[in-house]
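Geometric and topological summary
Letter by letter, the chains look like this.
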Amino acid sequence: MNAVDIRGVNQRYGSMTVLHELELRLGQGEVLGLFGHNGAGKTTSMKLILGLLAPSEGEVWVLGRAPNDPDVRRQLGYLPENVTFYPQLSGRETLRHFARLKGASTKQVGELLEQVGLAHAADRRVKTYSKGMRQRLGLAQALLGEPRLLLLDEPTVGLDPIATQELYLVIDRLRQRGASIILCSHVLPGVEAHINRAAILARGRLQAVGSLASLRREAGLPARIRASGLQCSKLWLERWRAAGYCVRALGNTGVEVNVPDGLKLELLRQLLGEANPGDIEIQQPSLEDLYRFYMERAGDVRAEEGRV
Ligand SMILES: Nc1ncnc2c1ncn2[C@@H]1O[C@H](COP(=O)(O)OP(=O)(O)OP(=O)(O)O)[C@@H](O)[C@H]1O
């Protein structure tokens, strides 16, 4: 049984269709990154999973049942994009309040505050919390009741780099415990190591879904090899340019070459066998490179939104 099964969903607001033939599955214990431009349909997809919207056409199944089934709701944790709390309550009181609403045990509260790094501020009023602290409290709220499925909308907004890393570690731990997670984000750097698959949505259509390795294969984007400390870098520049590679000099002794994935090892063998580089750096296409590729393939979204 999948944690989430979205089959052939078209979603309309009035006469506007914002999701087209959406097919998306989330396996148990899997972390899926859902990425897309503003207005791509990420929050709408989340609302369908939460049972806050019924699909105009198609089916949505969550943990094998209808999304609005009360049993499913108890097993769901949600961190909304703009999380708000009662400013007069302390962090601890806030979590207790949400635990009662959710029918979860309040015994977890102390442990959760510890887990998100808020134990020291547990009894301070939320109005004195920084944005990052409120975001972490939002995450603790989503974790109440040990949900089997977590939906995190922009969880790293407002977090500093160390707090962001800590949040990813929490996600890793939850995955190890078998939770299934959908993580929506505009912040791509750093997230790739913490997701199993990425789904890229543009204009309400799923452009790609898969592991980073499979998206790299499908997109066919080149890897970048940088060699430095070469005695005859000009020779390598000319040789690779003649072979049709995109290549540029890096200072007097370095070369950068863009090479299709299948030819990467061959070029590395040449370099190591025939030259004596001081250092070699290999850069695979990043999640940002892949995102850009699929967005461009979907058409210029910014033009449609009137931003260019
Ligand atoms: N209640 C609504 N009524 C009408 N249109 C809506 C409503 N909610 C969203 N939309 C439209 O649906 C489309 C998808 O919106 P959605 O909020 O799902 O996008 P998103 O990918 O979450 O965007 P963002 O990254 O900006 O949060 C947008 O064109 C948006 O204007």
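Presented here is a report on the structure given in the accompanying data block. Fair warning: this is a prediction, and the values are worked out from it, not measured in the lab.

Considering the overall build of the chain
- If you tally the helices and strands in the chain, you get 11 helices and 13 strands.
- Projecting the C-alpha coordinates of the chain onto the three principal axes gives extents of approximately 70 × 50 × 40 Å.
- At a minimum sequence separation of 6, the contacts of the chain that also span at least 24 residues come to 68%.
- Summed over its atoms, the accessible surface of the chain is roughly 15,300 Å², and 49% of this surface lies on carbon and sulfur atoms.

Quick word on the layout of surface pockets
- Looking at the largest pocket, its volume works out to about 540 Å³.
- Considering the residues around the largest pocket, the lining is formed by 16 residues, among which L76, Y78, F98, K102 and Q141 are closest to the centre.
- Classifying every residue of the lining of the largest pocket gives nine nonpolar, four polar and three charged.

Looking at the sheet that holds strand β1 (residues 4-13)
- Pairing within the open sheet is antiparallel, and its three strands lie in the order β2-β1-β4. Each end of this open sheet is capped by a strand with a single partner; those strands are β2 (16-26) and β4 (57-62). On average, each strand axis in the sheet is tilted by 25 degrees relative to the strand beside it, whichever way the strands run.
- In the sheet, β1 pairs with β4 via five bridges, with the strands oriented antiparallel. Bridge assignment links R7 to a residue of β4, and that residue is E59.
- Seen against the sheet, helix α1 (residues 42-50) touches β1, β2 and β4 and runs at an angle of roughly 120 degrees to β1.

Quick word on the sheet that holds strand β13 (residues 279-283)
- On the basis of which strands lie adjacent, the open sheet formed by four strands has the order β11-β12-β10-β13 and antiparallel pairing. Since the sheet does not close on itself, it has two edges, and those belong to β11 (246-250) and β13, each with one partner. The average undirected angle you get between the axes of adjacent strands in this sheet is 15 degrees.
- Relative to strand β12 (residues 254-259), β11 runs antiparallel, the two sharing five bridges.

Side note on the nonpolar core
- F35, L95, L137 and I171 are the most contacted members of the largest nonpolar core, which has 52 residues in total.
- Once residues lying within four places of it in the same chain are set aside, the contact partners of L95 are V109, L112, L113, L137, A140, Q141 and L144.
- Counting residues in each nonpolar core, the second largest holds 26 residues, with L32, V62, L149 and C184 among its members.

Things to note about the packing of aromatic side chains
- Tallied over the entire structure, the rule returns three aromatic pairs.
- Taking 6.0 Å as the distance between ring centres and 80 degrees as the angle between the ring planes, the aromatic pair formed by F85 and F98 counts as edge-to-face. Pair noted here: F85 is in the loop between β5 (76-79) and α3 (91-102) and F98 is in helix α3, with a separation of 13 residues, a long-range link.
- Where F293 meets Y294, the ring centres are 5.0 Å apart and the plane angle is 85 degrees; that geometry is what we call edge-to-face.
- For Y294, a relative accessible area of 0% gives the class buried.

Quick look at the pattern of salt bridges
- Inspection of every chain in the model, using the stated rule, returns 18 salt bridges.
- Note that R197 is salt-bridged to E30, the shortest N-O span being 2.5 Å. A residue pair is termed long-range when its members are at least 10 positions apart, and R197 in strand β8 (residues 197-202) and E30 in the loop between β2 and β3 (31-36) qualify at 167 residues.
- Look at E30 and you get buried, because its relative accessible area is 12%.
- A salt bridge links D172 to R175; the shortest N-O distance between them is 3.9 Å. Remark: R175 and D172 occur in helix α6 (residues 161-176); sequence separation between them is three residues, near one turn of the helix.
- For D172, a relative accessible area of 17% translates into the label buried.
- Within the structure, one salt-bridge network assembled from shared partners comprises D5, R7, E23, R25 and E59.

Basis of the calculations
Residues numbered from 1 in each chain as written. Predicted model: local features only at pLDDT ≥ 70, side-chain atom pairs only at ≥ 80, totals over all residues. Heavy atoms only, no water. Helix = DSSP H or I, 4+ residues; strand = E, 2+ residues; numbered from the N terminus. Contact = heavy atoms within 4.5 Å. Areas by Shrake-Rupley, 256 points an atom, 1.4 Å probe, with all protein chains shown as cover. 1 Å grid on protein atoms, 1.4 Å probe; cavity = no way out; pocket = protein on both sides within 12 Å on 5 of 7 lines; lining within 4 Å. Points joined across faces, edges and corners; volume = space filled by probe spheres on them. Nonpolar A, V, L, I, M, F, W, Y, C, P; charged D, E, K, R; others polar. Pairing = 2+ DSSP bridges. Axes fitted to C-alpha atoms, helices over the stretch in contact; angles between N-to-C directions. Core = buried A, V, L, I, M, F, W, Y, C linked by side-chain atoms within 4.5 Å. Buried < 20%, exposed > 50% of the residue type's maximum accessible area, 1.4 Å probe, protein only. Phe/Tyr/Trp six-rings, centres within 6.5 Å; stacked < 30°, edge-to-face > 60°. Salt bridge = Lys/Arg side-chain N within 4 Å of Asp/Glu carboxyl O.

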